[in-house]
Amino acid sequence: MNDFPSHISPPYTEEACEDALFHYTTAAGLIGILRSKKLWATAYYCSNDSSELSVGQGVLKPLFRRVTAQMIKDNAPLMHLFASRGVHPMHYADG
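Residues numbered from 1 in each chain as written. Predicted model: local features only at pLDDT ≥ 70, side-chain atom pairs only at ≥ 80, totals over all residues. Heavy atoms only, no water.

Trainee: How should I be thinking about the overall build of the chain in this particular structure?
Mentor: Across its full length, the chain holds five helices and two strands. Looking at the chain as a whole, 8% of its 95 residues qualify as buried. Surface summary for the chain: the accessible area is close to 8500 Å², and the carbon and sulfur share equals 60%. (Helix = DSSP H or I, 4+ residues; strand = E, 2+ residues; numbered from the N terminus. Buried < 20%, exposed > 50% of the residue type's maximum accessible area, 1.4 Å probe, protein only. Areas by Shrake-Rupley, 256 points an atom, 1.4 Å probe, with all protein chains shown as cover.)

Trainee: Would you mind showing me how to read helix H3 (residues 51–73) here?
Mentor: Structurally, the α-helix is built with 3.6 residues per turn, so residues lying three or four positions apart point the same way. When the terminal C-alpha atoms of H3 are compared, their 33 Å separation across 23 residues agrees well with the 33 Å that a helix rising 1.5 Å per residue should span. If you look at H3, its biggest bend is around 30 degrees, right at Leu60, and the proline Pro62 turns up within four residues after that. After H3 finishes, the residue Asn75 shows a positive phi value of roughly 55 degrees. (Expected span 1.5 Å × (residues − 1). Bend = angle between axes of the 7 residues up to and from the residue.)

Trainee: Before we go on, may I ask you to explain a nonpolar patch on the surface in this structure?
Mentor: A surface patch of nonpolar side chains, amounting to about 470 Å² of accessible area, comprises Val55, Val59, Leu60, Leu63, Phe64 and Val67. Positionally, Val59 belongs in helix H3. Taking relative accessible area as the criterion, Val59 reaches 41% and is therefore assigned partly exposed. (Patch = residues over 30% accessible without salt bridge, like charges linked within 9 Å, V, L, I, M, F, W, Y side chains within 5 Å. Salt bridge = Lys/Arg side-chain N within 4 Å of Asp/Glu carboxyl O.)

Trainee: Hey, could you run me through the environment of Phe82 in this one?
Mentor: With respect to the helices and strands, the residue Phe82 is situated in helix H4 (residues 77–84). Taking C-alpha positions, Phe82 is 9.1 Å from Tyr92, a pair spaced ten residues apart along the chain. With residues near it in sequence (within four places) discarded, Phe82 still touches Val87, Pro89 and Tyr92. (Contact = heavy atoms within 4.5 Å.)

This is the structure in structure tokens:
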């Protein structure tokens with residue numbers, strides 16, 4: 001990894017990098033993410049890296065599908081809202 005004047009980045013193995021999710025932010029931004037337990041995304045068309053959308057989709061879609069399937073299994077109240085709109089919840093998880 002790169003050496004920076006104030007610190008040395010940890011030496012990640014290639015295997016660890018393949019399983020990692022990187023998010024560029026400031027220390028204050030990281031604290032805000034951890035405190036709020038929320039991560040906001042910029043609109044894909046505002047990105048200067050065309051791979052961000054496809055990589056993000058590859059990471060998030062399985063997570064959305066897993067959480068949605070669990071909510072269906074648990075008969076979560078939000079699932080009734082989807083049903084009342086005539087759309088299967090997995091449609092939203094895939095989108």
